[in-house]
Amino acid sequence: MDEDYWQALSVGDRHAAMAAVKRLQEAGRSTLEIVDELIVPAQARVGDLWLDGEWTVSQEHTATAINEGLVHWLGSFAPPPDPSRPLVLVSCIEGERHALPALVVAETLRVAGYRVDYLGGDPEPHDLLSEVLVRKPRAVLFSASLTSSLASQKGLFGSIGAIGIPVIVGGRAFGGDERRARALGATAYAPTVGDVLRVLEELPPRTSAAPRPEEGPADAEAAWILGFRSQITPHVVRTLGHRHAVDGSRPAWWIELEGHVDHVLGCLAAALVTGDESIIVEVRHWLGQVLGRRGGPPGLVGEIWDLLARPLRGHPLARVFLAGAAAPTDDGIPEASA
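In this report, the structure presented in the accompanying data block is examined. Values in this document were obtained by computation on a predicted structure and should not be read as measured data. (Residues numbered from 1 in each chain as written. Predicted model: local features only at pLDDT ≥ 70, side-chain atom pairs only at ≥ 80, totals over all residues. Heavy atoms only, no water.)

### Quick notes on the environment of L257
Summarising the element assignment, L257 is placed in helix α12 (residues 257-274). Classification of L257 by relative accessible area gives buried; the value is 0%. The spacing of L257 and L287 is 30 residues in sequence and 9.7 Å in space, taken between C-alpha atoms. If we ignore the near neighbours within four places in the chain, the residues touching L257 are V237, L240, L291 and I304. (Helix = DSSP H or I, 4+ residues; strand = E, 2+ residues; numbered from the N terminus. Buried < 20%, exposed > 50% of the residue type's maximum accessible area, 1.4 Å probe, protein only. Contact = heavy atoms within 4.5 Å.)

### Thoughts on the pairing of strand β1 (residues 87-92)
Within β1, six of the six residues are buried, leaving the element largely enclosed by the surrounding structure. As paired elements, β1 and strand β2 (residues 115-120) share five bridges and run parallel to each other. By the bridge assignment, S91 is partnered in β2 with G120. In this region the chain leaves β1, passes through helix α5 (residues 100-111) and returns to the parallel neighbour β2; the handedness of that crossover is right-handed. The sheet contact formed by β1 and strand β3 (residues 139-143) spans five bridges and is parallel. Among the inter-strand pairings, L89 is bridged to a residue of β3, identified as V140. (Pairing = 2+ DSSP bridges. Right-handed = clockwise from strand over helix to strand, strands pointing away.)

### A closer look at the sheet that holds β3
Whether parallel or antiparallel, the strands of a sheet pair through hydrogen bonds between backbone atoms. One open sheet holds the five strands; their spatial order is β2-β1-β3-β4-β5, and the pairing between them is parallel. The outermost strands of the open sheet, each flanked by one partner alone, are β2 and β5 (188-189).

### Remarks on helix α4 (residues 57-75)
With 19 residues, α4 should reach 27 Å at 1.5 Å per residue; the first-to-last C-alpha distance of 27 Å fits that figure. Among the residues of α4, those classed as buried are E60, A63, T64, I66, N67, L70, V71, L74 and G75. Down the axis of α4, the buried set is contained in an arc of 165°. They therefore lie on one face. In this structure, α4 carries S58 and H61 as exposed residues pointing more than 90 degrees from its buried face. Residues of α4 that are buried in the fold lie against α1 (3-10), α2 (14-26), α3 (31-51) and α5. (Expected span 1.5 Å × (residues − 1). Arc of directions from axis to C-beta.)

### Description of the packing of aromatic side chains
One pass over the full model with this rule turns up seven aromatic pairs. Plain terms: the ring middles of W6 and W55 are 5.6 Å apart, the flat faces sit at 15° to each other, and that makes the pair stacked. Here the residue W6 occupies a position in helix α1, and W55 occupies one in the loop between α3 and α4, the gap between them amounting to 49 residues. There is no split in this pair, since W6 and W55 are both buried. Note on W73 and F77: the rings are 5.0 Å apart at their centroids and 90° apart in plane angle, and the pair reads as edge-to-face. Overall, the relative accessible area of 22% leaves W73 in the partly exposed class. Above the face of the W6 ring, R45 is positioned so that its terminal group lies 4.2 Å from the ring centre. One cation-aromatic arrangement involves R294 over W50; the distance from NZ or CZ to the ring centre is 4.8 Å. (Phe/Tyr/Trp six-rings, centres within 6.5 Å; stacked < 30°, edge-to-face > 60°. Lys NZ or Arg CZ within 6 Å of the ring centre and 35° of its normal.)

### Concerning the packing of helix α10 (residues 217-243) against helix α14 (residues 300-309)
One way to put it is that α10 packs onto α14 with a least axis distance of 10 Å and a crossing angle of 135°. By the angle class used here, α10 and α14 are oblique. Read as a crossing pair, α10 and α14 show a hand that is right-handed. Facing α10, whose interface residues are I232, V236, T239, L240 and R243, α14 presents L300, E303, I304, L307 and L308. Of the residues in the contact of α10 with α14, the class split is seven nonpolar, one polar and two charged. (Axes fitted to C-alpha atoms, helices over the stretch in contact; angles between N-to-C directions. Parallel < 35°, antiparallel > 145°, perpendicular 65-115°, else oblique. Left-handed = near helix turned anticlockwise from the far one by under 90°. Nonpolar A, V, L, I, M, F, W, Y, C, P; charged D, E, K, R; others polar.)

### Structural notes on the packing of α10 against helix α15 (residues 316-325)
At a minimum axis distance of 8 Å, the contact between α10 and α15 shows a crossing angle of 80°. Compared by their axis directions, α10 and α15 come out roughly perpendicular. Of the residues in α15, those touching α10 at P217, A218, E221 and I225 are P316, L317 and A318.

### Section: the pattern of salt bridges
For the structure on display, the rule yields 17 salt bridges. A salt bridge links R182 to E178, with the shortest nitrogen-to-oxygen separation between them at 3.6 Å. The structure contains a network of salt bridges with shared partners spanning D2, D4 and R23. (Salt bridge = Lys/Arg side-chain N within 4 Å of Asp/Glu carboxyl O.)

Here it is, written out as structure tokens:
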């Protein structure tokens, strides 16, 4: 980690951050080297500091904006692509605002000579599909960091695949292998930029229309959760506020609690749609880490689990997934004694 760059990020000084990047350029570092060896590791460190409760959301957002701006700037040095080269669309999935991974992929593809349309974070699905139909790209690449954003993607992926355009996905949300991607109807899973380039090169000249993924009871339960999460989440948060007498002092564990509970519900829906129970196990462990490092009271994760289960009485698969994740785990917060 370049100390000058990290210090600039730490204090939100974009001018000092750019000066550090220019210094590396003048020393002969390429665009991809600077992105891969400086900006991407710096962003990972930013995320770790937020998870540990050492940085606020505001600090994280400021540092992320600096990183994203510099990736855009570095990408401007790529030569114009040959008009005969394939066009690819690069986007986050709906609900995903962690745009830096998608941006890194887009700029890397530009350096490799592809024509690229970068659509950014949290696209509107109808607008994205219209763009695909008009532009007819060689492939559509989606990035997802938040597992909670996966549940609503099956329809969009199916619509794109049905017109014969490959869908390539990557990002932490897919869990390190192709199972979740395949369950959602993606053509391929590419965990690294190198894999993206390889998959694009291996695509056949023409791609036939793909059958839409089948939907079943789990999809119906997931759709119900997504439809009512805006009511379930505030109810859980209000109940916890009353139980723990949260007042104007707003303890650290409370400040982002609504977003955390909403994330858990999104992950539950994603687990149902993909059939991957490990998603809800992972998010329970994550929630315990986040709340524990912010001083959450003992047993808080268990309370949240119980409150989430109550409105799901008519949804047996969701309750089974929740119950499976409620087995003894390292939540980060000691459970209350009996």
